[in-house]
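Read off the chains here:
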Amino acid sequence: MVKQAGDGRSRRALLGGAVAAAGTVVLAGCGGSSGAAGTDSTTGTSPSADASPRDVELLTAALELERRTVDAYVACIPLLSKTNVKAAVVWLSAEIQHTGELIALIRQAGGKAAPRANSYELGRMPSNQAQALALLASLEQLQISYYVRIISHVQLASARAAVSTILATDAQHIALLRLVQGKPAVPSALVA
Amino acid sequence: MTGVRHRAATRRELLASGAVAGVAALTAPAVAAAASGGPSSPPPDDAARLTRVLSMAVLAAYVYQHVFAEGVLTGSERRALDGFVDQERAHVVALRTAVRAAGGTLIGPPSSLDAANRDLAHRGIGGRLGQLQGADDALDLLVSVERSSIGSCYVALRGLTGSAAIVLVAQIMANAAQHEAVVTLVRPTLTLAEAAPFPLVSGSH
């Protein structure tokens, strides 16, 4: 289920590098910062009506991030206190539903979601609750950063709105993860 | 959900040490700068959509200000939400900048408590300023306001086309969702698991 980092790099570096690479590759085809303007589709659910190869690329990368976070929750929950386990199970369920939502959005955009990998790279495995919470918070943050980066590039308006609901949920998760870590829950007026 | 409940002291400690003490609201100029980075000529429809989001934001900021002024929250509850007022105001500043850039109509705060209450009623938000019976009433009102804020952003995002406006409204929506979760957790009978129970957060709309 969980791979160990083999080269000694920090988890943060590994994860940061991965999301940066994914974002760079996917956004490279987006053609500037005002990509959404004038290309909206506001209705329709059939793939043929809403086909958007660019959305498929953006959402496919998001799906991989969500799948990795699901793996992380599964790996970390045994390390959490009873109270935190209750919450983490709820949040894991949400992350799983996010993967389902993204698969549906990919299909709506005319694509097909890639099969789930056997395992996802999580870096050095946590061995206690503090490390587990830190890993989960770092993965939620990566998802949030990615969604903020791509949301204006998502062409289909319905997909953009759906992405915003996933972003808002992940923002709640990280706020509460920060709380249990003893950190400021909501440090900024604009989530980034 | 039948989650194990936090001891009240533990929850308060968490909120006091986390949500409260370190909350650093963005300064208005910084947020305004973030809001002004969009295209120079956003589509006309964006102006109307941003104005609607702004109208909810000014109401939310007004409600927070008056809930605090009514003194119905306990000290720990108030401290848990202390930075949120500044963040609500920062949303207003950022949205005003965005609305101005889009050529829309700038919305001011409600002119009176009655006007604010009429706006709350119009939006289907329960609870009225000046009539709050205690902390539970106040927290319920704040949760409802945050859900309406989230909903106003969600509706806007289904139609906005300007890149900077989309990013700004998404960031505000996510922040309102965070506020909703923390305010929910402040309510005495709710657990950490119950503070963020929904897999797809779209608010009230």
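Every value quoted in this text rests on a predicted model; they were computed, and no experiment measured them.

### Some thoughts on the overall build of chain B
No. 1: Within chain B, the secondary structure is distributed over 9 helices and 0 strands.
No. 2: Overall, chain B shows an N-to-C arrangement of helices and strands of α-α-α-α-α-α-α-α-α.
No. 3: Buried residues in chain B amount to 56% of all 205 residues.
No. 4: Taking contacts inside chain B between residues at least 6 apart in sequence as the whole, the part at least 24 apart equals 78%.
No. 5: Approximately 7,900 Å² of chain B is accessible, and the part contributed by carbon and sulfur atoms is 52%.

### So, the pattern of salt bridges
No. 1: Tallied over the entire structure, the rule returns 6 salt bridges over all chains.
No. 2: Among the ionic pairs, Arg67 of chain A bridges to Glu64 of chain A, the shortest N-O distance being 2.9 Å. Residue Arg67 of chain A and its partner Glu64 of chain A are both found in helix H3 (residues 53-76); the two are separated by 3 residues, about one turn of the helix.
No. 3: Note on Arg67 of chain A: relative accessible area 6%, which makes it buried.
No. 4: Across the pair Glu180 of chain B and Arg147 of chain B runs a salt bridge whose closest N-O atoms are separated by 2.7 Å. With Glu180 of chain B in helix H8 (residues 163-186) and Arg147 of chain B in helix H7 (residues 135-157), the pair connects residues that are 33 residues apart, well separated along the chain.

### Considerations on the side chain of Ser202 of chain B
No. 1: Its place among the elements puts Ser202 of chain B in the segment after helix H9 (192-195).
No. 2: Take Ser202 of chain B: its relative accessible area is 19%, and that puts it in the buried class.
No. 3: A polar side-chain atom of Ser202 of chain B sits 3.5 Å from a polar atom in the side chain of His205 of chain B.
No. 4: If sequence neighbours within four positions are ignored, Ser202 of chain B has contacts with Thr165 of chain A together with Ile150, Gly151, Tyr154 and Met173 of chain B.

### Here's the deal with H8 of chain B
No. 1: Given a rise of 1.5 Å per residue, 24 residues ought to cover 34 Å, and the 35 Å separating the end C-alpha atoms of H8 of chain B matches this to within 8%.
No. 2: In terms of burial, H8 of chain B is a largely internal element, 24 of the 24 residues being buried.

### Here's the deal with the confidence of the model for chain A
All names here are of chain A.
No. 1: Residues with a pLDDT of 70 or more make up 74% of chain A, whose mean pLDDT is 82.
No. 2: Here strand S1 (residues 2-3) is the element of chain A with the lowest mean pLDDT, 37, and helix H5 (residues 129-150) is the one with the highest, 98.
No. 3: Contacts of residues 1-48 to residues separated by more than four positions or lying in other chains number 96 contacts, the stretch itself having pLDDT below 50.

### Things to note about the environment of Pro197 of chain B
All names here are of chain B.
No. 1: Relative to the elements of secondary structure, Pro197 occurs in the segment after H9.
No. 2: Look at Pro197 and you get partly exposed, because its relative accessible area is 36%.
No. 3: Along the primary structure Pro197 and Leu50 are separated by 147 residues, whereas in three dimensions their C-alpha atoms are 28 Å apart.

### Examining the environment of Glu146 of chain B
Residues and elements named next belong to chain B.
No. 1: Among the structural elements, Glu146 can be located in helix H7.
No. 2: A relative accessible area of 0% means that Glu146 is categorised as buried.
No. 3: Note: C-alpha distance between Glu146 and Met173 (27 residues apart in sequence) is 9.1 Å.
No. 4: Those residues in contact with Glu146, other than ones at most four positions away along the chain, are Tyr64, Glu88, Ala176, His179 and Glu180.
No. 5: At 3.0 Å, the side chain of Glu146 and the side chain of His179 are in polar contact.

Rules used throughout
Residues numbered from 1 in each chain as written. Chains lettered and ligands numbered in written order. Predicted model: local features only at pLDDT ≥ 70, side-chain atom pairs only at ≥ 80, totals over all residues. Heavy atoms only, no water. Helix = DSSP H or I, 4+ residues; strand = E, 2+ residues; numbered from the N terminus. Buried < 20%, exposed > 50% of the residue type's maximum accessible area, 1.4 Å probe, protein only. Contact = heavy atoms within 4.5 Å. Areas by Shrake-Rupley, 256 points an atom, 1.4 Å probe, with all protein chains shown as cover. Salt bridge = Lys/Arg side-chain N within 4 Å of Asp/Glu carboxyl O. Polar contact = N/O pair within 3.5 Å; in protein donor to acceptor, adjacent residues only side chain to side chain. Expected span 1.5 Å × (residues − 1). pLDDT = per-residue confidence, 0-100.

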